[in-house]
Amino acid sequence: MYNTLQYFHKLSTRFDEQLSVLGGSALSLALRLYVGWQFFKAGMVKVSDWQSTLSLFREEYIVPVVPPELAAWMGAGGELVLPVLLVLGIFSRPAALALFAVNLMAVISYPQLFELECPAAVNSHFYWGILLLVLVSFGPGKLSVDAWLGKRRTALAA
């Protein structure tokens, strides 16, 4: 009985490593594309009407310590540059961690998010934060510039 169970277990897990590498890489790419696109869109909205963005940062968003104009530049810059790094998979973990900080600052600086009757706004930030932490924890996968550079570094060292 034990040998039969062991045989079927071995058979069922035969491709686990390959599936983990390929599936994990595909999932990481999907997460990078999805989250990167969400932040990039937000950055594009900010720069498309800069006067409104400045007005929001002066009157609505309560960003601690940083002056509103600088916060607007930092927010828009982070939402435009970091997603590109994330999607390409270069400096992926630092980009994901920095976007997590941008996301956290957005939630902290806009307390009205918690007053809205529709919880989707807060939930979106929560989900994006979780997805970014997954990317920080597990990395960009094989389908990234980071993986390609890592392979080249290993090949050059050998």
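Quick caveat, the model's predicted, so the values are computed rather than measured.

Its 19 residues place the ends of helix H6 (residues 120–138) 26 Å apart at the C-alpha level, agreeing with the 27 Å of an ideal helix rising 1.5 Å per residue. Within H6, burial applies to His125, Trp128, Gly129, Leu132 and Leu135. Down the axis of H6, the buried set is contained in an arc of 120 degrees. They therefore lie on one face. Facing away from the buried side of H6, by more than 90 degrees, are the exposed residues Phe126, Ser137 and Phe138. Each element contacted by the buried residues of H6 is listed here: helix H2 (16–48), helix H4 (68–88) and helix H5 (92–109). Looking one or two residues beyond H6, the residue adopting positive phi is Gly139, at roughly 80 degrees.

Further remarks concern the packing of H2 against H6. In contact at an axis separation of 10 Å, H2 and H6 are set at 135 degrees when each is read in the N-to-C sense. When the interaxial angle is binned, H2 and H6 end up oblique. Considering only the axes of H2 and H6, their crossing is left-handed. Across the interface between the two elements, Ser28, Leu31, Arg32, Tyr34, Val35, Gln38 and Phe39 of H2 pack against Trp128, Leu131, Leu132, Val134 and Leu135 of H6. Per-class residue counts for the contact of H2 with H6 are nine nonpolar, two polar and one charged.

Criteria and thresholds
- Residues numbered from 1 in each chain as written.
- Predicted model: local features only at pLDDT ≥ 70, side-chain atom pairs only at ≥ 80, totals over all residues.
- Heavy atoms only, no water.
- Helix = DSSP H or I, 4+ residues; strand = E, 2+ residues; numbered from the N terminus.
- Expected span 1.5 Å × (residues − 1).
- Buried < 20%, exposed > 50% of the residue type's maximum accessible area, 1.4 Å probe, protein only.
- Arc of directions from axis to C-beta.
- Contact = heavy atoms within 4.5 Å.
- Axes fitted to C-alpha atoms, helices over the stretch in contact; angles between N-to-C directions.
- Parallel < 35°, antiparallel > 145°, perpendicular 65-115°, else oblique.
- Left-handed = near helix turned anticlockwise from the far one by under 90°.
- Nonpolar A, V, L, I, M, F, W, Y, C, P; charged D, E, K, R; others polar.

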